[in-house]
Amino acid sequence: MTLNELGEQVAAKFEKVYGRPPRWVAAAPGRVNVIGEHTDYNDGFVLPMAIDRYTIIAAAPSPAGESRIQLRSTAEDAAAVIDLALPPKPGNKGVWFNYPLGVIAGFLARGISPGGFDALIHSTVPVGSGLSSSAALEVSTATLLEIISGKKLGLEEKALLAQRAEHEYAGVPCGIMDQFISVMGKKDHLLLLDCRSKKAELVPMSDLSVSLLITNTNVEHELTGGEYAQRRAECERAAAALGVASLRDSDSALLESSKSKLDGVVFRRAKHVIGEIERTLRAAQAVRASDWNAAGDLMYASHDSLRDDYEVSCLELDTVVEIARSIGRAGGVFGCRMTGGGFGGCTVALVQTDKVDGISNRIASEYEQRTKIKPTLFVSRPAEGATVLKS
């Protein structure tokens, strides 16, 4: 189903729910990070792409000029109602509407009021799989508010507003990658993002013979706040020992020459981050050159480092990568790695497009045999970022 067809379906659902057609329809995608894991909070680089899974919002002005916003989701029974006469504040922890509420608050803080409207939200981005369903919801909300108000934000401003909404209203201290790729994604392109300068560069990937295969392991060994904070602290200790502001400012040679200053665990954490930053830049070069063998090798190296040096993989993720390796280039797999924070979630594999079905079937079958868990797989080419479908 195309994005426009999905938009038409959501518009039809809106009309059934509210008894009138929508005036506006906006969409924003989820994402997968091709390479560059746990580099963001070390001022490094990431290389995500938008996937062709979207959050769509259809909306129409409130009847009789009511000064309130009503949000409904096809995945939830209860509606969220926001009274524009009152200062916005977060709802209870964990409620879904905190994400759009934070975006609405960001627009109101800029003096941009959309007025009252009714909205219906529908998403094809898998929730809880590490594919950034939250950023898709935030960015689709921001895109909707732009077309309702007629006030268009700069791309970076829009992404940062969405990130702030997640920090302040959902209580999730995410980096900038998810919102930036959801805003700036472009069909047939990856996005090389410098997490220090916030400079974003589109990397062409127009070769239709290759695609990205995402496998959701359907396990979530939660990365607890303690583990995440511990790894950040270990990276900060490594940077201090190396005499640099962040691990972005080091390289492999400096790390090796300073090995005696670091304990074994801290050394391995730094080794991953420094190596991953280097791998991400090399992977962007390989994609530009359509050198899929080199790109795939870098993805495998990334996974090995995340498993052995950063220690954020798990049995299920390792199992998918092992199956992908056994299929190999002869079977159409160039590379595979875990993607996201770790301890569950998804892998991403660079594969030959014409061999996707066979690869998917083999991974699904062997993974279920070995883990007794049924995975969820889908293939995507680099997709378009935030899009207005009806204005």
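The structure displayed is predicted, hence computed values, not measured ones.

The tally for this structure, following the rule as stated, stands at 28 salt bridges. As a salt-bridge pair, E37 and R337 come within 2.7 Å of each other at their nearest N and O atoms. Of this pair, E37 sits in the loop between β1 (24-35) and β2 (45-61) while R337 sits in strand β9 (residues 333-339), and the two are 300 residues apart along the sequence. A single burial state applies to E37 and to R337, both of which are buried. Residue R268 is joined to E311 by a salt bridge in which the shortest nitrogen-to-oxygen separation is 3.4 Å. On the criterion of sequence distance, the pair formed by R268 in helix α8 (residues 264-288) and E311 in the loop between α9 (292-308) and α10 (315-327) is long-range, its members being 43 residues apart. With a relative accessible area of 34%, E311 lands in the partly exposed category.

It is worth spelling out the packing of α8 against α9 at this point. The N-to-C vectors of α8 and α9 enclose an angle of 165°; their axes lie 9 Å apart at closest approach. Taken together, the axes of α8 and α9 are roughly antiparallel relative to one another. α8 and α9 meet at a crossing whose hand is left-handed. Side by side, α8 and α9 meet where R268, H272, E276, R279, R282, A283, A286 and V287 of the first sit next to W292, A294, A295, L298, A301, S302, S305, L306 and D308 of the second. Here the residues of the contact of α8 with α9 sort into nine nonpolar, three polar and five charged.

Let us look at the nonpolar core. Formed by 52 residues in total, the largest nonpolar core has its most connected members in L47, L131, L190, M205, L247 and L350. With ten residues, α8 is the largest single contributor of residues to this core. Those residues in contact with L350, other than ones at most four positions away along the chain, are M205, V210, S211, L212, W292, A295, G296, M299, G332, V333, F334 and G335.

Let us look at the side chain of H303. Turning to its location among the elements, H303 is positioned in helix α9. A relative accessible area of 1% means that H303 is categorised as buried. Reaching out from H303, the side chain makes a polar contact with the side chain of D318 at a distance of 2.8 Å. The contact partners of H303, leaving out residues within four places of it in the chain, are S313, L317, D318, V321, C336, R337 and M338.

Interaxial distance between helix α3 (residues 133-149) and helix α4 (residues 155-169) falls to 9 Å at its minimum, and their mutual angle equals 125°. The orientation of α3 with respect to α4, classified from their angle, is oblique. In this structure, α3 meets α4 at a crossing whose hand is right-handed. Counted together, S134, A135, E138, V139, A142, T143 and E146 of α3 and K158, A162 and E166 of α4 form the full contact between these two elements. Each residue belonging to the contact of α3 with α4 can be placed in one class, and the counts come to four nonpolar, two polar and four charged.

Peptide bonds are, in most cases, trans, and in most cases residues other than glycine have a negative phi. The phi angle at D188 is positive, at roughly 65°, despite the residue not being glycine. For D188, the location among the structural elements is in the loop between α5 (177-184) and β6 (189-194). Accessibility expressed as a relative area gives 19% for D188, which makes it buried. Look at K372: it is not a glycine, yet its phi comes out positive at around 65°. Here K372 shows up in the loop between α11 (356-371) and β11 (376-380).

Residue position: D318 is located in helix α10. Buried within the structure, D318 lacks any salt-bridge partner; its nearest side chain of opposite charge belongs to R307, at an N-O separation of 5.1 Å. Within the local environment of D318, its side chain forms a polar contact with the side chain of S313, the two groups lying 2.6 Å apart. Setting aside anything within four residues of it in sequence, one finds D318 in contact with H303, R307 and S313.

Each value, and the rule that gives it
Residues numbered from 1 in each chain as written. Predicted model: local features only at pLDDT ≥ 70, side-chain atom pairs only at ≥ 80, totals over all residues. Heavy atoms only, no water. Salt bridge = Lys/Arg side-chain N within 4 Å of Asp/Glu carboxyl O. Helix = DSSP H or I, 4+ residues; strand = E, 2+ residues; numbered from the N terminus. Buried < 20%, exposed > 50% of the residue type's maximum accessible area, 1.4 Å probe, protein only. Axes fitted to C-alpha atoms, helices over the stretch in contact; angles between N-to-C directions. Parallel < 35°, antiparallel > 145°, perpendicular 65-115°, else oblique. Left-handed = near helix turned anticlockwise from the far one by under 90°. Contact = heavy atoms within 4.5 Å. Nonpolar A, V, L, I, M, F, W, Y, C, P; charged D, E, K, R; others polar. Core = buried A, V, L, I, M, F, W, Y, C linked by side-chain atoms within 4.5 Å. Polar contact = N/O pair within 3.5 Å; in protein donor to acceptor, adjacent residues only side chain to side chain. Lys, Arg positive; Asp, Glu negative; His and termini not counted.

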